[in-house]
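Spelled out from the first residue to the last, the chains are:
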Amino acid sequence: MYPFIARRLLATIPVLVIVAVLVFLLLRITPGDPAAILAGDAASTEQIEGIRKTLGLDQPLPVQFGIWALQMVQGDLGESYYYKVRVTQLIAQRIEATFSLALVTIVVAVLISVPLGVIAAWRFGGWFDRFLMGFSVFGFSVPVFIVGYLLVWLVSLKLGWLPVQGYKRIDAGLWPWIQHLVLPAITLSVIYIALIARVTRASVLEALGEDYIRTARAKGLPESKVLVKHALANAAVPIATVIGIGIALLIGGVVVTESVYAIPGLGRLTVDAVLARDFPTIQGLILFFSLIYVGVNLLVDLSYVVFDPRIRY
Amino acid sequence: MNLKRTLVAVGIAAASSAPIALAQAQTVLTVVPHSNLAILDPIWTTAYMSRNHGYMIYDTLFGTDENSKIQPQMVDTWTVSADKRVYDFKLRAGLEWHDGAPVTGEDVAASLARWGKRDAMGGALMTFVDKIEAVGKDGFRITLKEPAGFVIEALGKPSSNVPFIMPKRIAETPPDKQIAEYIGSGPYVFQKDEFKPGDKAVYTKFTKYVPRKETASGTAGGKRVHVDKVVWNLALRDYQAQVNALIKGEVDIIENVPFQHYETLVKDPNVEVRKTKIGLQYMCRFNHLHPPFNNVKVRQAVLASFNQRPFLQAQVGVADLYKPCPSMFTCGTPYGVATGSDIQSKGSMKQAQDLLKASGYDGTPVVIMKPTDLSSIDKLPEVAAQLMRQAGLKVDLQAMDWQTLVSRRAKKDAPKDGGWNMFCTAWVSPDIDNPVNNAALPARGASTPWFGWPEDAKLEELRRAFMMETDEKKKIAMAGAVQARAFEVATHAPVGEFTQPLAGRKTIKGWMTHGLAHTYWNISK
């Protein structure tokens, strides 16, 4: 297993290099000049040109890339054009909010969707199964921001139970932290509940048709044990895969959720950086997200060994 | 054992909640600004958020009151020599920087020098200035090469770039570099450690600030602070979420009420919606370098077709919030006259069609840049395109995000090579209310500072004459002459005025909504 992990970790290097080159080039061919944005509405063409020089944007592309690559090798993602702060510092400031939201979302989604999927498979064709499938279609179809606004209107404005917006750091207390995460996490988890429940249902349904399930039942095992210990355990690999994909997809999902609930996280930072053409921040964030993707995929691969002892690396 | 643990836990919880209780005793005003605060140097950028940040922590030599009159602020007294070339100023007693040092004439001289290198009006003033020097500890002198009629107006200009006064060591930062220290002498102290870009900016009351005795008015008068802390919520930028947070009482003020939410907030019993006293102007700018707008007759045809009402109805929609105005300097201001505006204010589609025929227009398409992500101006290009089509022009309406637009408008290339013919924008009145600061009026061809690059020697002469005139009555007439010439050569098209509503909880008192900038003194909760 260790050589496998080492190989996978080494494989991240070319992935990151390719991502770095692509992102760098894509940003340079995208219309929009960071200098013009920084200068403000009333700035003159001379002022914009001056800022371009200060930022080094007047240098040839290979020189700009070389400077950035050198910084990156030293573990420095550069300085934000927009905020004049190191990109690593910006990411550090925002990471807690995004990770909190992602973590709570995934926990909520898994805790709800896996049992629902198992029950739907167990009661295949019944009203619960049909209800869950209907909910899945709803979960996939309704945009995140609509769910968000509806929940805010009902839970915050009409019932007054939870705050409308904002984020409290966990060191401000567990309750304020949870209070500010409940609605965003529910909002964001709807689509993941739909996705994971559907995959769980399909996987468990397939497992329930296997001979070993018939054997387990013939041995007189209680149905709950048959479902959890035999069917669910054997269906775990595709479920783990889809949860892993879900974590990766969350990065995109948090952008909208963080906007609707005014959470100062990485999603919001990405949007701001793109709108401001803040090249170092966008590049740094995408590299950071790439690392997370690679890390999550590696963890998912490793989890297969736990769920299915037949798998060896 | 369990009981003991519980008691310890309760003790720790009680101890840790003590500072929270103290913090809650402070009066905190939570504001949702109109945009994100990123750049903390209000001289380096013209961004309005940076300007508003400047008003929190810096003071100004002069301010502009709600009637657009310049009033002394840091300055106590001043004299002008008989030949109108030497201005001597004395600063008020008790002015102090946030780090405890006194404000001196040297600080002022350094600050004005840096501002003069960045700001358009400051730059115009510097063409008249021979030298700026400190006189004693609390005075400074401006010596001019020749008389200028806008010295005090420039020093008291309320909008970007505002001549904020900074300590000498900070003001000596090269003008093309951003400052790195944020020490002012204004009513609030910037809490740099608590600043999180895109999340929040925190300002605390500067307890040693000595306000003027006069009543606060605009950016002038006594800047009295009645709250302990002002927090700018920079994360809350979704309009619907802003409105929800205000209704729920999670924030005290939102600076920018979208027109579509205006009625909702007006009806809310706990919210007060206010209109700013001084408004904004929409304008569409021609690119004078390329066909068809390098032809004055075509530009005049467009002016004749640009009835302001359709622009305002489409963009604002709420009749209470807009009004057509024939002046390029905005109505209700000292120079807000209608002189020479007939081509637009009394224009018609028939006249536009006739002018276009007479222009020899060859069917060159007009590239209009339309920002799709800026709801405050995104309908203007649609209306402009429709009116121009009716007049007989071919129009190529190109959608893009605002940041692409601001980058592209700086290009002087032909439209087919990535340039442009027209874009529309909005200006706050104080940025365009006279012939010196109105960015659309300089007409020096390709060297014109603002995009569009008109060229007209006569207009430049008239602007220069206005700058040199010191008699106020004559200046009004001269501003009319500048405007008449600008309409004649069609530098740009003003397409109506509006006020941007703001909203706050009814528990807020003394809130100033003058519209010159967003300022947070005189306010209590």
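Conventions used here
Counting restarts for each chain, with residues numbered from 1 along the sequence as it is written. Working convention: letters from A go to chains and numbers from 1 go to ligands, in the order in which they are written. Whole-chain, interface and lining totals are the exception, using all residues; otherwise, since this is a predicted model, local features are given only for residues with pLDDT of at least 70 and side-chain atom pairs are given and counted only at 80 or more. The side-chain numbers reported here are obtained from all heavy atoms of the structure, hydrogens and water having been left aside. With a 1 Å grid spanning the protein atoms alone, the term cavity applies to any set of points in which a 1.4 Å probe fits but cannot get out, the term pocket to an open set with protein on both sides within 12 Å along at least five of seven lines, and the term lining residue to any residue with an atom within 4 Å of a point. Grid points are joined across faces, edges and corners, and a volume is the space filled by probe spheres set on the points. Residues are grouped as follows: Ala, Val, Leu, Ile, Met, Phe, Trp, Tyr, Cys and Pro are nonpolar; Asp, Glu, Lys and Arg are charged; all remaining types, including Gly, are polar. Any Lys or Arg side-chain nitrogen located within 4 Å of an Asp or Glu carboxyl oxygen qualifies as a salt bridge. By the criteria applied, helices consist of DSSP H or I runs no shorter than four residues and strands consist of E runs no shorter than two, each listed in order from the N terminus. Burial classification: accessible surface area is computed with a 1.4 Å probe over protein chains only, and a residue below 20% of its type maximum counts as buried, one above 50% as exposed, and the rest as partly exposed. Scored from 0 to 100, pLDDT reflects the predictor's confidence in each residue. The contact definition used throughout considers only heavy atoms, calling two residues in contact when any of these lie within 4.5 Å. Using a 1.4 Å probe, buried area is obtained as the accessible area two parts lose upon being combined, added over both of them. N or O atoms closer than or at 3.5 Å make up a polar contact, with two conditions inside protein: a donor-capable atom paired with an acceptor-capable one, and, for residues adjacent in sequence, both atoms drawn from side chains. One requirement defines pairing of two strands: DSSP has to find at least two bridges between them. Disulfide: a pair of cysteine sulfur atoms within 2.5 Å of each other. Here is the rule: rings of Phe, Tyr and Trp (six-membered ring for Trp) pair when centre to centre is within 6.5 Å. Planes less than 30 degrees apart are stacked, more than 60 are edge-to-face, and the remainder are tilted. Should the NZ of a Lys or the CZ of an Arg lie within 6 Å of a ring centre and within 35 degrees of the ring normal, that charge is described as sitting over the ring.

**Let's talk about empty space enclosed by the protein**
So, point 1. All chains considered together, the criterion is met by 3 cavities of 30 Å³ or more.
So, point 2. Counted as a void, the largest cavity has a volume near 40 Å³.
So, point 3. Taken together, the residues of the lining of the largest cavity break down into 6 nonpolar, 4 polar and no charged.

**Things to note about the pattern of salt bridges**
So, point 1. For the coordinates displayed, the defined rule picks out 41 salt bridges over all chains.
So, point 2. The residue K350 of chain B makes a salt bridge to D354 of chain B at a minimum N-O spacing of 2.8 Å. Taken together, the residues span about one helical turn, with K350 of chain B and D354 of chain B both in helix 12 (residues 349-359) at a distance of 4 residues.
So, point 3. Under the relative-accessibility criterion, K350 of chain B is labelled exposed at 54%.
So, point 4. Owing to a relative accessible area of 36%, D354 of chain B belongs among the partly exposed residues under this scheme.
So, point 5. In this structure, E488 of chain B and R485 of chain B form a salt bridge, with 3.1 Å as the shortest nitrogen-oxygen distance. One end of the pair, E488 of chain B, and the other, R485 of chain B, are both in helix 16 (residues 472-489), 3 residues apart, so they sit about a helical turn from each other.
So, point 6. What you see here is one network of salt bridges that share partners, running through D76, E79, K84 and R86 of chain A.

**Focus: the confidence of the model for chain B**
So, point 1. Confidence along chain B averages 92 in pLDDT terms, with 95% of residues attaining 70 or more.
So, point 2. Scored below 50 in pLDDT, residues 6-23 of chain B shows 0 contacts in the model against residues more than four places distant or in partner chains.

**Quick word on the interface of chain A and chain B**
Reports of interface size often rely on the accessible area that becomes lost once the parts have come together.
So, point 1. At the junction of the two partners, chain A supplies 43 residues and chain B supplies 45 residues.
So, point 2. When the buried surface of chain A facing chain B is broken down by residue, D41, T45 and Q165 of chain A rank first, second and third, together holding 16% of it.
So, point 3. On the surface where chain A and chain B come into contact, there are 2 salt bridges.
So, point 4. Notably, a salt bridge pairs R237 of chain B with D272 of chain A, separated by 2.8 Å at the nearest N-O pair.
So, point 5. The tally of links from chain A across to chain B stands at 16 residue pairs in polar contact (both at pLDDT 80 or more).
So, point 6. Residue assignment for the side of chain A that touches chain B shows that the elements contributing at least two residues are helix 2 (34-39), helix 3 (45-55), helix 5 (87-122), helix 7 (144-158), helix 11 (236-260) and helix 12 (266-275) of chain A.
So, point 7. With 6 residues, the single largest contributor to the side of chain A that touches chain B is helix 3 of chain A.
So, point 8. Here the residues of the side of chain A that touches chain B are counted per class, giving 23 nonpolar, 11 polar and 9 charged.

**Description of the pairing of strand 5 (residues 75-80) of chain B**
Residues and elements named next belong to chain B.
So, point 1. Strand direction decides the pairing type here: strand 5 and strand 6 (residues 86-91), joined by 5 bridges, are antiparallel. From the neighbouring strand, V75 faces strand 6, where its bridge partner is L91.
So, point 2. Where strand 5 hands over to strand 6, the hairpin turn is made up of 5 residues, of which K84 adopts a positive phi near 60°.

**As for the state of the cysteines**
Residues and elements named next belong to chain B.
So, point 1. As enumerated under the stated definition, the model contains 2 disulfides over all chains in all.
So, point 2. Disulfide pairing is shown between C284 and C424; the S-S distance is 2.2 Å. On the sign convention where negative means left-handed, the S-S torsion of about 95° between C284 and C424 marks this disulfide as right-handed. Here the residue C284 occupies a position in strand 15 (residues 280-286), and C424 occupies one in strand 19 (residues 422-428), the gap between them amounting to 140 residues.
So, point 3. Note on C284: relative accessible area 0%, which makes it buried.
So, point 4. Take C424: its relative accessible area is 1%, and that puts it in the buried class.

**Here's the deal with the packing of aromatic side chains**
The relation between two aromatic rings is expressed through the spacing of the ring centres and the mutual angle of the planes.
So, point 1. Enumeration according to the criterion identifies 33 aromatic pairs over all chains in this entry.
So, point 2. Between F62 of chain B and F89 of chain B the ring centres are 6.0 Å apart and the planes differ by 75°, which places this aromatic pair in the edge-to-face class. Remark: F89 of chain B occurs in strand 6 and F62 of chain B occurs in strand 3 (residues 62-64); sequence separation between them is 27 residues. Here F62 of chain B matches F89 of chain B in class, with each residue buried.
So, point 3. Consider the rings of F286 of chain B and F293 of chain B, whose centres lie 4.8 Å apart with planes at 65°: the pair is edge-to-face.
So, point 4. The structure contains a cluster of three or more aromatic residues connected by ring pairs, namely W420, F423, W427, W450, F451 and W453 of chain B.
So, point 5. Taking NZ or CZ as reference, R123 of chain A lies 3.7 Å from the ring centre of W122 of chain A, over its face.
So, point 6. Taking NZ or CZ as reference, K223 of chain B lies 4.5 Å from the ring centre of W521 of chain B, over its face.

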